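Each chain, written out:
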Amino acid sequence: MRKKFIGGNWKMNKTPEQAKEFMIPFVEKIKAIDRDIVDIALFPPCLALNVVKNYSEGNGLIVGSQNMHYKDNGAFTGEISPVMLESLGIDWVILGHSERRHIFKESNELISLKIKSALDHNFHVVLCVGETEEQRLTSRHYDVIKEQLESGLADITADRISNVIVAYEPVWAIGTGKTATPEDAEEMHRYIRRLFKGMYNKDIAGRIRIIYGGSVKPKNAESLLLKEDIDGALVGGASLNPQSFFEIVNSVID
Ligand code: 13P
């Protein structure tokens, strides 16, 4: 049995003060949630990491960064390094989010360097992959996902893959209200699991957690999470509100 994983990616939203306003009710709401069934994670902007981390003490919440550089330090204006995150007690990171790939032009090669660095620092990585609408309409979606996974994980040996979660986030579903149907999402998740069997082995393919992202809301979470190969969700907009994010977490339990 794979443990479910529900992550909230706040993107460029919330000041430290607003993060505090979220955390106070949220930690109360999730007290009764059995963490043997589900991991709950929050990925706030870097300036709010400290606040979210402090409010997470003792209640088993995972707190991670939305991105990081692959070097420990140096002349990289505006970047945040794994060593800096470690100093805050942060050891989870999202890498390869489609907004990083498309808006900030991060290549598969750069993402691969970041994944290697993160795992070298014993971080857990949520590796995001996803096709654009144009790629899906021209039936290239499977090839795109294969390329993103194979290049991203090119240097990652089987003994290190247990620290990786894959988030399938079709670009056309992010922030658009257009969720993939549970059947379409399940089909891609099953394909990704098959890829892992080829890239690693059957055991790893069975254990790797593959979560879905793209307009996940309280009203559609349950139907997605019921699918056999969908191990959780990475939630953008609906994770900004403590009640709606809690309802998505709770849909794992219901
Ligand atoms: P939305 O839930 O706002 O569509 O964002 C999904 C996402 O990009 C999570 O990383």
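Above this note sits the structure.
Residues numbered from 1 in each chain as written. Predicted model: local features only at pLDDT ≥ 70, side-chain atom pairs only at ≥ 80, totals over all residues. Heavy atoms only, no water.

A short note on the overall build of the chain
- Across its full length, the chain carries 11 helices and eight strands.
- Taking 2.2 N^0.38 as the reference for a compact globule, 254 residues should give roughly 18 Å; the C-alpha atoms of the chain span a radius of gyration of 17 Å, in line with that estimate.
- Principal-axis analysis of the C-alpha atoms places the extent of the chain at approximately 45 × 45 × 35 Å.
- Of all intrachain contacts in the chain linking residues separated by at least 6 positions in sequence, the fraction that spans at least 24 positions is 73%.
- For the chain, the accessible surface area stands at approximately 11500 Å², while carbon and sulfur atoms represent 52% of it.
- Each charge class in the chain can be summarised by its mean position, and for the 31 positive and 35 negative side chains these summaries are 1 Å apart. (Helix = DSSP H or I, 4+ residues; strand = E, 2+ residues; numbered from the N terminus. Rg over C-alpha atoms; globule rule 2.2 N^0.38 Å. Contact = heavy atoms within 4.5 Å. Areas by Shrake-Rupley, 256 points an atom, 1.4 Å probe, with all protein chains shown as cover. Lys, Arg positive; Asp, Glu negative; His and termini not counted. Charge placed at Lys NZ, Arg CZ, Asp CG, Glu CD.)

So, unusual backbone geometry
- The phi dihedral of lysine 11 falls on the positive side, at around 55 degrees, and the residue is not glycine.
- Assessed through its relative accessible area of 22%, lysine 11 is described here as partly exposed.
- One non-glycine residue with positive phi stands out, namely serine 139, at about 60 degrees.
- Take serine 139: it is sitting in the loop between α6 (133-137) and α7 (141-152). (Buried < 20%, exposed > 50% of the residue type's maximum accessible area, 1.4 Å probe, protein only.)

So, the packing of α7 against helix α8 (residues 182-199)
- Packing of α7 against α8 leaves a shortest axis separation of 11 Å and a crossing angle of 45 degrees. One finds that α7 runs oblique with respect to α8. Seen from above, α7 lies across α8 with right-handed handedness. Here His141, Tyr142, Ile145, Lys146, Leu149 and Glu150 of α7 lie close against α8, whose contacting residues are Glu187, Met188, Tyr191, Ile192, Leu195, Phe196 and Met199.
- Its residues placed into classes, the contact of α7 with α8 shows nine nonpolar, one polar and three charged. (Axes fitted to C-alpha atoms, helices over the stretch in contact; angles between N-to-C directions. Parallel < 35°, antiparallel > 145°, perpendicular 65-115°, else oblique. Left-handed = near helix turned anticlockwise from the far one by under 90°. Nonpolar A, V, L, I, M, F, W, Y, C, P; charged D, E, K, R; others polar.)

Examining the sheet that holds strand β6 (residues 164-168)
- Across the sheet, which stays open at both edges, the eight strands sit in the order β3-β2-β1-β8-β7-β6-β5-β4 with parallel pairing between neighbours. One side of each edge strand has no neighbouring strand; the edge strands of this open sheet are β3 (62-63) and β4 (92-95).
- As paired elements, β4 and strand β5 (residues 124-129) share four bridges and run parallel to each other. Bridge pairing in β5 places tryptophan 92 opposite histidine 124.
- Against the sheet, α8 touches β5, β6 and β7 (209-213), its axis set at about 150 degrees to β7. (Pairing = 2+ DSSP bridges.)

As for the site of the ligand
- Every one of the 13 residues lining the ligand counts as a neighbour, but Lys11, His97, Gly175, Ser215 and Gly237 are closest to it.
- Histidine 97 is positioned such that a nitrogen or oxygen atom in its side chain is 2.8 Å from an oxygen atom of the ligand.
- Within the contact set of the ligand, an oxygen atom lies 2.8 Å away from a backbone nitrogen or oxygen of glycine 237.
- Protein chains bury 97% of the 310 Å² of accessible surface belonging to the ligand in isolation.
- Broken down by class, the residue content of the shell around the ligand amounts to four nonpolar, seven polar and two charged. (Near = heavy atom within 4 Å. Polar contact = N/O pair within 3.5 Å; in protein donor to acceptor, adjacent residues only side chain to side chain.)

Comments concerning the environment of leucine 95
- Topologically, leucine 95 is positioned in strand β4.
- Distance from leucine 95 to lysine 114, taken between C-alpha atoms, is 7.3 Å for residues 19 residues apart in sequence.
- Setting aside its immediate chain neighbours within four residues, leucine 95 contacts Asn67, Met68, Lys114, Ile115, Ala118, Val125, Val126, Leu127 and Cys128.

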